[in-house]
Amino acid sequence: MQNTSIPMCYICGPYDPNSGIYMARRYDELIPNSSVFLLDKYIGHWPQLEDQENMLKAYYEFLSKIPEKKIA
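Everything quoted here is computed from the prediction, not taken from an experiment.

Colleague: I keep staring at the side chain of D16 and nothing clicks. Help me out?
Modeller: Counting through the fold element by element, D16 comes out in the loop between β1 (10-12) and α1 (21-30). Buried charge without a partner: D16 forms no salt bridge, and the closest opposite charge is R25, 14 Å away. Ignoring anything within four residues of it in the chain, the contact list for D16 reads I43, G44 and H45.

Here's what the structure looks like:
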């Protein structure tokens, strides 16, 4: 993950005790040009179920920042 050229992001439910705010901070430390989206402080392990609207907003924001490659 640290050496890939593939765009990645981490959309985080910070209330998740397994992979919440601590994982988001560590991801941000380790991944070059990291893209971390923190959802509401009470969103946990299943952000795609707990906060679908904001999860999708974060995902679409991430996608909008990926430059389109032109095919020669």
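Colleague: How should the pattern of salt bridges be read in this particular structure?
Modeller: Opposite charge on two side chains allows them to pair when their charged atoms are near. Scanning the entire structure with this criterion turns up three salt bridges. For the salt bridge of R26 with E29, the shortest nitrogen-to-oxygen distance reads 2.8 Å. Of the two residues, R26 and E29 are both situated in helix α1; the distance of three residues between them amounts to about one turn of the helix. When its relative accessible area of 44% is taken as the criterion, R26 is described as partly exposed. E29 sits in the exposed class, given a relative accessible area of 57%. Here K65 makes a salt bridge to E61, at a shortest N to O gap of 3.1 Å. Given the relative accessible area of 37%, E61 is considered partly exposed.

Conventions we followed
Residues numbered from 1 in each chain as written. Predicted model: local features only at pLDDT ≥ 70, side-chain atom pairs only at ≥ 80, totals over all residues. Heavy atoms only, no water. Helix = DSSP H or I, 4+ residues; strand = E, 2+ residues; numbered from the N terminus. Buried < 20%, exposed > 50% of the residue type's maximum accessible area, 1.4 Å probe, protein only. Lys, Arg positive; Asp, Glu negative; His and termini not counted. Salt bridge = Lys/Arg side-chain N within 4 Å of Asp/Glu carboxyl O. Contact = heavy atoms within 4.5 Å.

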